[in-house]
Amino acid sequence: MVNPDGSRNKVILIVLLSVGFTLAMYLVINYSLNQQSTTFARLIPEEAYVIILHDVFNKPMEDLLNITFDDVRGKFSAQYVMINGEGIIYEADKDSHTTSKVIGMTNEPLSGGSHFGWEITFNGTKYYVDSTSGRIISFVNASK
């Protein structure tokens, strides 16, 4: 004869182990997602400016490899921002990625989604460069 209490205890143990494992995985994943990622190097504004010179103005990479900080000083202004998927621009802190206030609008990001990056103002146009990928997010002619 089969012991019904033994089968019930096994089912309860399996359910408790499953719930415990799921909870542990949730906590580990939640913790890892909330940690600052150090695997991606963040661009500095000067690097974002060089990307614009290459990608937008088609400057040859050979010419750009020897540019120094002194060469680009005063030629552009930079601000760290977050652009959401609708093109709303928020002022952001580059270290904590916290946003503080809406500072403008631009076109929807070319690659979709939200991005943290540099707003580089150069020759009357604002360019937005993703701070981790280096891709141009969006741009808007500021003189309009």
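Heads up: the structure comes first, above all this text.
Below is a short write-up of the structure. Everything quoted here is computed from the prediction, not taken from an experiment. Each residue is numbered by its place in its chain's sequence as written, counting from 1. Given that the model is predicted, a residue must reach a pLDDT of at least 70 before its local features are reported, and side-chain atom pairs must reach 80 or more before they are shown or counted; all residues, however, enter totals for whole chains, interfaces and linings. Heavy atoms throughout the structure, all of them, feed into the side-chain values; hydrogens and water do not.

1. Digging into helix H2 (residues 45–55)
Here is step 1: Taken together, the buried positions of H2 are Pro45, Ala48, Tyr49, Val50, Ile51, Ile52 and Leu53.
Here is step 2: Elements in contact with the buried residues of H2: helix H3 (61–64), helix H4 (69–72), strand E1 (77–83), strand E4 (115–122) and strand E5 (125–130). For each residue, the accessible area found with a 1.4 Å probe, counting protein chains only, is set against the maximum for its type, and the residue is called buried under 20%, exposed over 50%, and partly exposed in between. Helix and strand definitions follow DSSP, with helices as H or I runs of at least four residues and strands as E runs of at least two, each counted in order from the N terminus. Here, two residues are considered to be in contact whenever any of their heavy atoms come within 4.5 Å of each other.

2. Some thoughts on the pattern of salt bridges
Here is step 1: The salt bridge criterion pairs a side-chain nitrogen of Lys or Arg with a carboxyl oxygen of Asp or Glu, the two atoms within 4 Å. Within the structure shown, the criterion is met by one salt bridge.
Here is step 2: Across the pair Asp70 and Arg73 runs a salt bridge, and its minimum N-O distance is 2.6 Å.
Here is step 3: Given a relative accessible area of 55%, Asp70 falls into the exposed group.
Here is step 4: For Arg73, a relative accessible area of 59% puts it in the exposed group.

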